[in-house]
Amino acid sequence: MELTREQALALLRQYNEEPFHLRHALTVEAVMSWFARELGYGEEAAFWAQAGLLHDLDFERYPEEHCVKVREIMEARGLDPALIHAVVSHGWGMTEGDAQPEHEMERVLFAVDELTGLIGAAALMRPSKSVQDMELSSLRKKFKDKKFAAGCSRETITQGAQLLGWELNDLLEHPPGHEVLRGGYRSPVRRPLRSTKKDRVPRRGHGLFVMRRWPRWRCPPAPGRCSVRGRRCAQSR
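All figures in this text were calculated on a predicted structure; none of them were measured in a lab.

Re the packing of helix H4 (residues 69-76) against helix H5 (residues 81-89)
1) Next: H5 packs onto H4 with a crossing angle of 165° between their chain directions and a minimal axis gap of 10 Å. In terms of their interaxial angle, H4 and H5 are classed as roughly antiparallel. Like other packed secondary-structure pairs, H4 and H5 cross with a definite hand, here right-handed. On the side of H4, the interface is formed by Val-70, Arg-71, Met-74 and Glu-75, while H5 contributes Leu-83, Ile-84, Val-87 and Val-88.
2) Next: Across the contact of H4 with H5, the residue classes break down as six nonpolar, no polar and two charged.

Regarding unusual backbone geometry
1) Next: A positive phi is found at Cys-67, a non-glycine position, where the angle reads about 70°.
2) Next: Along the chain, the position of Cys-67 falls in the loop between helix H3 (45-54) and H4.

Looking at the packing of helix H2 (residues 19-38) against helix H6 (residues 104-124)
1) Next: One way to put it is that H2 packs onto H6 with a least axis distance of 10 Å and a crossing angle of 135°. When the axes of H2 and H6 are compared, the pair comes out oblique. Regarding H2 and H6, the two cross each other, and that crossing is right-handed. When H2 is examined against H6, the residues His-24, Thr-27, Val-28, Val-31, Met-32 and Phe-35 are found in contact with a partner set consisting of Met-105, Val-108, Leu-109, Val-112, Asp-113 and Thr-116.
2) Next: In the contact of H2 with H6, the residues fall into eight nonpolar, three polar and one charged.

Comments concerning the packing of aromatic side chains
Two aromatic rings, taken as a pair, are described by how far apart their centres are and by the angle between their planes.
1) Next: Following the criterion strictly, the structure yields four aromatic pairs and no others.
2) Next: Pairing Trp-34 with Phe-35 gives two aromatic rings, centres 5.7 Å apart and planes at 80°, and the pair type is edge-to-face. Accessibility assignment for this pair places Trp-34 and Phe-35 in one class, buried.
3) Next: Measuring from ring centre to ring centre gives 6.1 Å for Phe-35 and Trp-166, while their planes differ by 25°; the resulting arrangement is stacked. A residue pair is termed long-range when its members are at least 10 positions apart, and Phe-35 in helix H2 and Trp-166 in the loop between helix H8 (154-164) and helix H9 (168-172) qualify at 131 residues.
4) Next: What makes Phe-35 buried here is its relative accessible area of 0%.

Reading the values: rules and limits
- Residues numbered from 1 in each chain as written.
- Predicted model: local features only at pLDDT ≥ 70, side-chain atom pairs only at ≥ 80, totals over all residues.
- Heavy atoms only, no water.
- Axes fitted to C-alpha atoms, helices over the stretch in contact; angles between N-to-C directions.
- Helix = DSSP H or I, 4+ residues; strand = E, 2+ residues; numbered from the N terminus.
- Parallel < 35°, antiparallel > 145°, perpendicular 65-115°, else oblique.
- Left-handed = near helix turned anticlockwise from the far one by under 90°.
- Contact = heavy atoms within 4.5 Å.
- Nonpolar A, V, L, I, M, F, W, Y, C, P; charged D, E, K, R; others polar.
- Phe/Tyr/Trp six-rings, centres within 6.5 Å; stacked < 30°, edge-to-face > 60°.
- Buried < 20%, exposed > 50% of the residue type's maximum accessible area, 1.4 Å probe, protein only.

Keep in mind these values describe shape, not function.
The following block contains the structure:
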């Protein structure tokens, strides 16, 4: 059985009421949808997004059975076994769930679940309360500080990058912009899609989560607009 987004959202709300948990689910949904398009799985973007939306379906009500109870809930509704495996596998090594991330989508979900939590916490510490002005160096410091957002496993984030065959910085700097971390904002990809080559490493530049600092004398390669100055300038024309 396949769920529409409305049905999946209704199922999520049936088992989750806390605004934080709902916001996290919507955030991971949007992040997964973007990664699907960026990595060449555009036709499967809805499936990737649904895995992100439902990944913590059982956490609020059954925290001690996280990634275990969800299998029972989803199988009782006759949901796609591939979706069930993706949801269960995101807790690999951290819960009693026995499924290991195998597909690239499952590995992305494994990595970004903890990462979005860390970056969300880091954003709240900034005067702007936003990720838009967060830089990679700042996030690195938060990442190394094990006391900061201690519930976000650095080992899991690092392991997720390794499962994908990426460097940690590649995961942090993955483009494009920052809207996806604003509570599940969904928008089309603003840059041309890359080829469907599955083993491609993310492009460097402006990250999905943080900004990469560029030298003052050189603007980022954004055609026609300088995203450092926030306006058109001679250097970026």
